[in-house]
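Below, each chain spelled out in residue letters.
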Amino acid sequence: MAPSKFPDEVNVFLVPHSRMKDLVGTYMDQLSTADFHSNGALEHLLPLLENTFTEFKSHEHIENQYILEQLKQRLKLVNVTSKAVCNCHGDSQLVEILNLLRDGYTCTSKPISEQISFGSQLQKAVSDFTQHFIPHMQEEEEIFQPLLMKYFAHEELLLLKEQVIQQHEIW
Ligand code: FEO
């Protein structure tokens, strides 16, 4: 990860995004090496992906509740509008991926040809998601963190970072 230009102690995205990027690296490895011709491959992969995407959904919820809502209110107070902040998670594909993963469980007892076909569909959907997710995190780091630095006091950001990390339960 490139070094942030903001002090670590007030960078609210640093710790959770490090975790999210680790998860991306792990599932990309798993997906790229998965052999859906083999019985059990899908069964093994689905719960791992479901846990990961449930964690992404939780990350999104925490950002909405703890970062974006506060940032929106602060921007409103100083009469600044930011479309990026308002629409940040508006086009999230997480629900679609989670639904697809749940559909996958019905596939595990089907003929191997159907499992192979579902595996390809899953690889494509997850790869499309990842192509948006990485720049999405970068946008949060490069657009939202500077806004937080500009409109929040140092002490407020210390507290915000602590709350965000506590909510993610990652230290
Ligand atoms: Fe930090 Fe909205 O993902």
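This write-up is about the structure you can find in this document. Keep in mind it's a predicted model, so treat the numbers as computed, not measured.

### Here's the deal with the packing of helix α1 (residues 14-33) against helix α2 (residues 41-77)
Helix-helix packing is described using two parameters, namely the angle between the two axes and the distance between the axes.
Move 1: Close contact between α1 and α2 brings their axes to 11 Å; oriented N to C, the two are set at 155°. By the angle class used here, α1 and α2 are roughly antiparallel. For the pair α1 and α2, the crossing hand works out as left-handed. For the pair formed by α1 and α2, the contact residues are Pro16, His17, Arg19, Met20, Leu23, Val24, Tyr27, Gln30 and Leu31 on the first element and Leu45, Leu48, Leu49, Thr52, Phe53, Glu55, Phe56, His59 and Glu63 on the second.
Move 2: Taken together, the residues of the contact of α1 with α2 break down into 11 nonpolar, 4 polar and 3 charged.

### Description of the side chain of lysine 161
Move 1: Here lysine 161 lies in helix α6 (residues 154-168).
Move 2: In this structure lysine 161 is buried but unpaired, with aspartate 8 as the nearest side chain of opposite charge at 6.3 Å.
Move 3: A distance of 2.6 Å separates a polar atom in the side chain of lysine 161 from the backbone oxygen of aspartate 8.
Move 4: Leaving out residues up to four positions away in the same chain, lysine 161 has contacts with Asp8, Glu9, Val10, Asn11, Val12, Leu14 and Val15.

### Notes on the layout of surface pockets
Move 1: Within this model, the second largest pocket holds a volume of roughly 260 Å³.
Move 2: Cys88, Asp91, Ser92, His132 and His136 are, among the 17 residues lining the second largest pocket, the residues nearest its centre.
Move 3: Ranked by the residues each element gives to the lining of the second largest pocket, the list is headed by helix α5 (residues 112-151), at 5 residues.
Move 4: Of the residues assigned to the lining of the second largest pocket, the class counts are 6 nonpolar, 7 polar and 4 charged.

### Considering the packing of α2 against α5
Move 1: Here α2 crosses α5 at 25°, and the two axes come no closer than 12 Å. What the angle tells us is that α2 and α5 run roughly parallel. As for the relative orientation of α2 and α5, their crossing is left-handed in sense. Within the contact between the two elements, α2 uses Leu42, Leu46, Leu49, Phe53, Phe56, His59, Glu63, Ile67, Leu68, Leu71, Arg74 and Leu75 and α5 uses Gln115, Phe118, Leu122, Val126, Phe129, Phe133, His136, Glu140, Phe144, Leu147, Leu148 and Tyr151.
Move 2: Taken together, the residues that form the contact of α2 with α5 break down as 18 nonpolar, 3 polar and 3 charged.

Conventions adopted
Residues numbered from 1 in each chain as written. Predicted model: local features only at pLDDT ≥ 70, side-chain atom pairs only at ≥ 80, totals over all residues. Heavy atoms only, no water. Axes fitted to C-alpha atoms, helices over the stretch in contact; angles between N-to-C directions. Helix = DSSP H or I, 4+ residues; strand = E, 2+ residues; numbered from the N terminus. Parallel < 35°, antiparallel > 145°, perpendicular 65-115°, else oblique. Left-handed = near helix turned anticlockwise from the far one by under 90°. Contact = heavy atoms within 4.5 Å. Nonpolar A, V, L, I, M, F, W, Y, C, P; charged D, E, K, R; others polar. Buried < 20%, exposed > 50% of the residue type's maximum accessible area, 1.4 Å probe, protein only. Lys, Arg positive; Asp, Glu negative; His and termini not counted. Salt bridge = Lys/Arg side-chain N within 4 Å of Asp/Glu carboxyl O. Polar contact = N/O pair within 3.5 Å; in protein donor to acceptor, adjacent residues only side chain to side chain. 1 Å grid on protein atoms, 1.4 Å probe; cavity = no way out; pocket = protein on both sides within 12 Å on 5 of 7 lines; lining within 4 Å. Points joined across faces, edges and corners; volume = space filled by probe spheres on them.

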